[in-house]
Amino acid sequence: MSDVLFAWGGVHPRTLIRRAVCQVMREHDGLAALIGARIWPNRMEHWFRGELPAAGVYTVSEQRVESDTRPEPQERVISLAVELLGGELEAVDDTLDALCLQTERAVLRLDAIGRAMGAIVDASLPEPLPLVRGTHTGTELGIVTDGAREYGVATLNFDLEYHWPTVPPELADFLLAHTDWYVHPGDDRVDMISQANFDQE
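So, here's what we can say about the structure. (Residues numbered from 1 in each chain as written. Predicted model: local features only at pLDDT ≥ 70, side-chain atom pairs only at ≥ 80, totals over all residues. Heavy atoms only, no water.)

What about the overall build of the chain?
Here's step 1: Within the chain, the regular secondary structure consists of five helices and seven strands.
Here's step 2: Starting at the N terminus, the α and β elements of the chain follow one another as α-α-α-β-β-β-α-α-β-β-β-β.
Here's step 3: Residues counted as buried form 33% of the 201 residues belonging to the chain.
Here's step 4: Expressed as a percentage of contacts within the chain between residues at least 6 apart in sequence, the contacts between residues at least 24 apart total 58%.
Here's step 5: Accessible surface, the chain as shown: approximately 12,400 Å² in total, 50% of it carbon and sulfur. (Helix = DSSP H or I, 4+ residues; strand = E, 2+ residues; numbered from the N terminus. Buried < 20%, exposed > 50% of the residue type's maximum accessible area, 1.4 Å probe, protein only. Contact = heavy atoms within 4.5 Å. Areas by Shrake-Rupley, 256 points an atom, 1.4 Å probe, with all protein chains shown as cover.)

This is the structure we're talking about:
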C-alpha cells in the first residue's frame, strides 16, 4: 500500500477523489453559473454571507466491496457528501433545487472525475484511478444558522466505487544474476553459487 501512495505523491485516493470532484464541479457550466468557484474539498470552510451559495465536499465513510475479501481490499466504496449552502431563506428552496440538479449531473460524470485525478497527481501508474460506479443515494434538506441569520442547506450523498491502484513490479534490465547460498549461515561460508547469464539483445 505504501508503494501505491508513494506513486500517487503520498496522497490517499479519497483525497484525490474529493479534489477531483471539486474540480469537475467548478468546471461544470450549469453549476459554475450558480456557485462559481466557491467549492471546497473539506467539511469546513468559512464563507461570508455575500459569498453564498457555496459548497463543501467531504467523505463520510469507506467500505470494502463485499466480494473483495483481501486483507487490503482493492475494491472499495466511499460515501461522499456534497453540502450546498444556499442564501437566506427567501426562495431558498428553488435555489437549492437548482444547485442539487446541477451537482448531481456534475458528480456522476465519472470519466471526467477520473481524468481530473490523473491531472492532479503526476502518477507512475499504468492508468488513472478507475471509478467503477457512482450512485446518488439521497438528499437531505434543512436550515442552518450562524446565530443571527438562517440559511438553507442541502446535503447530497453519493456512493462512489473505485479500485485501489496497483503498482506493477519493476526490475531494471540486467545481464547477469549471481546468488550465494549459505546452507549454514552461522559459519559465513558460501556453500553454493548459482549464476545466470542473459544474452544482450
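A few points about the environment of S61
Here's step 1: Mapped onto the elements of the fold, S61 is located in strand β2 (residues 54–64).
Here's step 2: Residue classification places S61 among the partly exposed residues on the basis of a relative accessible area of 27%.
Here's step 3: Leave out the neighbours within four places in its chain, and S61 touches V77, I78 and S79.

Considering the side chain of T59
Here's step 1: Position of T59 among the secondary structure elements: in strand β2.
Here's step 2: Not counting residues up to four positions away in its chain, the partners in contact with T59 are R14, R18, R43, I78, S79 and L80.

Describing the pattern of salt bridges
Here's step 1: Under the defined criterion, the tally for this structure stands at four salt bridges.
Here's step 2: Here R14 ties to E62 by a salt bridge, and the two come within 3.1 Å at their closest N and O atoms. In this pair, R14 is assigned in helix α2 (residues 13–27) and E62 in strand β2, connecting sequence segments 48 residues apart.
Here's step 3: Across the pair R115 and D111 runs a salt bridge, and its minimum N-O distance is 3.8 Å. Pair noted here: R115 and D111 are both in helix α5 (residues 110–120), with a separation of four residues, about one helical turn. There is no split in this pair, since R115 and D111 are both exposed.
Here's step 4: Linked through salt bridges whose partners overlap, the residues forming this network are R14, E62 and R76. (Salt bridge = Lys/Arg side-chain N within 4 Å of Asp/Glu carboxyl O.)

Observations regarding α2
Here's step 1: A rise of 1.5 Å per residue sets the reference length of α2, with its 15 residues, at 21 Å; its end C-alpha atoms lie 21 Å apart and thus fit the reference within 8%.
Here's step 2: Turning to α2, its buried residues are P13, T15, L16, I17, R18, A20, V21, C22, V24 and M25. (Expected span 1.5 Å × (residues − 1).)

Brief notes about the nonpolar core
Here's step 1: Judged by nonpolar contacts, the single largest core of 35 residues is most densely connected at M25 and L80.
Here's step 2: Those elements giving two or more residues to this core turn out to be α2, α3 (29–35), β2, β3 (75–88), α4 (92–107), α5 and β5 (150–163).
Here's step 3: Residues contacting L80, with those up to four places away along its chain left out, are R18, V21, V57, Y58, T59, V107, L156, N157, F158 and L160. (Core = buried A, V, L, I, M, F, W, Y, C linked by side-chain atoms within 4.5 Å.)

Quick notes on the sheet that holds strand β1 (residues 39–40)
Think of a sheet as strands paired side by side through backbone hydrogen bonds, with each pair either parallel or antiparallel.
Here's step 1: With mixed pairing, five strands are arranged side by side in an open sheet as β1-β2-β3-β5-β4. Looking at the sheet topology across the chains shown, the edges are occupied by β1 and β4 (131–145).
Here's step 2: In terms of strand pairing, β3 meets β5 through 12 bridges, oriented antiparallel. From the neighbouring strand, I78 faces β5, where its bridge partner is L160.
Here's step 3: Against the sheet, α2 touches β1, β2, β3, β4 and β5, its axis set at about 145° to β2.
Here's step 4: Contacts from α5 reach β4 and β5, with the element oriented near 95° to β4. (Pairing = 2+ DSSP bridges. Axes fitted to C-alpha atoms, helices over the stretch in contact; angles between N-to-C directions.)

Regarding the pairing of β5
Here's step 1: Burial within β5 is extensive, with 11 of its 14 residues counted as buried.
Here's step 2: Sheet topology note: the β4/β5 ladder contains 13 bridges and is antiparallel. For T139, the partnering residue across the bridge sits in β5 and is L156.
Here's step 3: Taken together, β4 and the strand that follows it, β5, pair antiparallel across an intervening segment of four residues, in which G147 is found at a positive phi of about 100°.

Remember, this is a structural readout, not a statement about activity or role.
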